[in-house]
Amino acid sequence: MIQNEGNESGRTDDQTPGSVKIKSLESRKRVSLQIYNTTHYSIDVIWIDFNGNEIPYAKKLKSGDNFGVSTFETHPWIFRDHESRERLAVLCTWQSKKLSKNDKLKYPDKIMMPEAVYNNDGQPLRTIAMVTYPVDSLRDMCFLRLYRSGLNVDKIKNLDIPVSLREEFSSFWKDRTPLRLYLQQLGAVSQ
């Protein structure tokens, strides 16, 4: 669950002091997850523990591979590109649940909070989590692509490009806090 915290103890690297902190709360309703990597990159599957620490469960899950895990309803999960450490997004559905034309598809989330869902007979349904790319701006996607190609903050200083673009790229990686940016988009924290 998400709770306001003002101290730095136990925070993940996506948090800044005074920002919203995520952590696991209780272990009551069990959820069975099947996580699919639908990106073109290897990913890390990470559980956020009771102190808000990132606990890796699967490192370098290859593109197209999947991973099963048993968890609980109030246990948050995040997914990262193994190389860039960029936070990825996830779409969830449930085994045997058919989408109707009235179901609204939503944007992928950058935090997965599993939900216990049951069929008509009261049997639990497996949660299917499809890890995908986040919905980012074109600028952010270009910066990420440059980073993946080997360009870093030190190397960009030597390029013959406008100073404002070099500064923006440097600032993008220096101040990059995906959780905070995501929560700002939702209006949960101030800009």
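Attention here is on the structure that accompanies the text. (Residues numbered from 1 in each chain as written. Predicted model: local features only at pLDDT ≥ 70, side-chain atom pairs only at ≥ 80, totals over all residues. Heavy atoms only, no water.)

This part covers the pattern of salt bridges. When their charged atoms lie close together, side chains carrying opposite charge are able to pair. All chains considered together, the criterion is met by three salt bridges. Taking the shortest distance from any N to any O, the salt bridge between Arg-28 and Glu-26 comes out at 3.5 Å. Residue Asp-44 pairs with Arg-85 through a salt bridge whose shortest N-O separation is 2.6 Å. A residue pair is termed long-range when its members are at least 10 positions apart, and Asp-44 in strand β4 (residues 43–48) and Arg-85 in the loop between β7 (77–81) and β8 (89–94) qualify at 41 residues. For Asp-44, a relative accessible area of 2% puts it in the buried group. (Salt bridge = Lys/Arg side-chain N within 4 Å of Asp/Glu carboxyl O. Helix = DSSP H or I, 4+ residues; strand = E, 2+ residues; numbered from the N terminus. Buried < 20%, exposed > 50% of the residue type's maximum accessible area, 1.4 Å probe, protein only.)

On to the nonpolar core, then. Leu-33, Ile-35, Val-45, Trp-77, Phe-79, Met-112 and Val-131 are the most contacted members of the largest nonpolar core, which totals 17 residues. For this core, the elements supplying multiple residues, two or more each, are β3 (30–37), β4, β5 (54–61), β7 and β9 (127–132). Setting aside anything within four residues of it in sequence, one finds Phe-79 in contact with Ile-35, Asp-44, Val-45, Glu-86, Arg-87, Leu-88, Val-90, Met-112 and Val-131. Membership of the second largest hydrophobic core comes to five residues, among which are Ile-22, Ile-48, Ile-78 and Ile-111. (Core = buried A, V, L, I, M, F, W, Y, C linked by side-chain atoms within 4.5 Å. Contact = heavy atoms within 4.5 Å.)

Looking now at the packing of aromatic side chains. For any pair of aromatic rings, the description rests on two quantities: the centre-to-centre distance and the angle between the ring planes. Across all of its chains, the model carries four aromatic pairs by this definition. Considering the side-chain rings of Trp-47 and Phe-50, the 5.9 Å spacing of their centres and the 80° angle between planes classify their relative orientation as edge-to-face. Classification of Phe-50 by relative accessible area gives partly exposed; the value is 38%. When the ring of Trp-47 is compared with that of Tyr-57, the centres are 6.3 Å apart and the planes differ by 85°; the resulting orientation is edge-to-face. (Phe/Tyr/Trp six-rings, centres within 6.5 Å; stacked < 30°, edge-to-face > 60°.)

Don't take any of this as a statement about function, it's just geometry.
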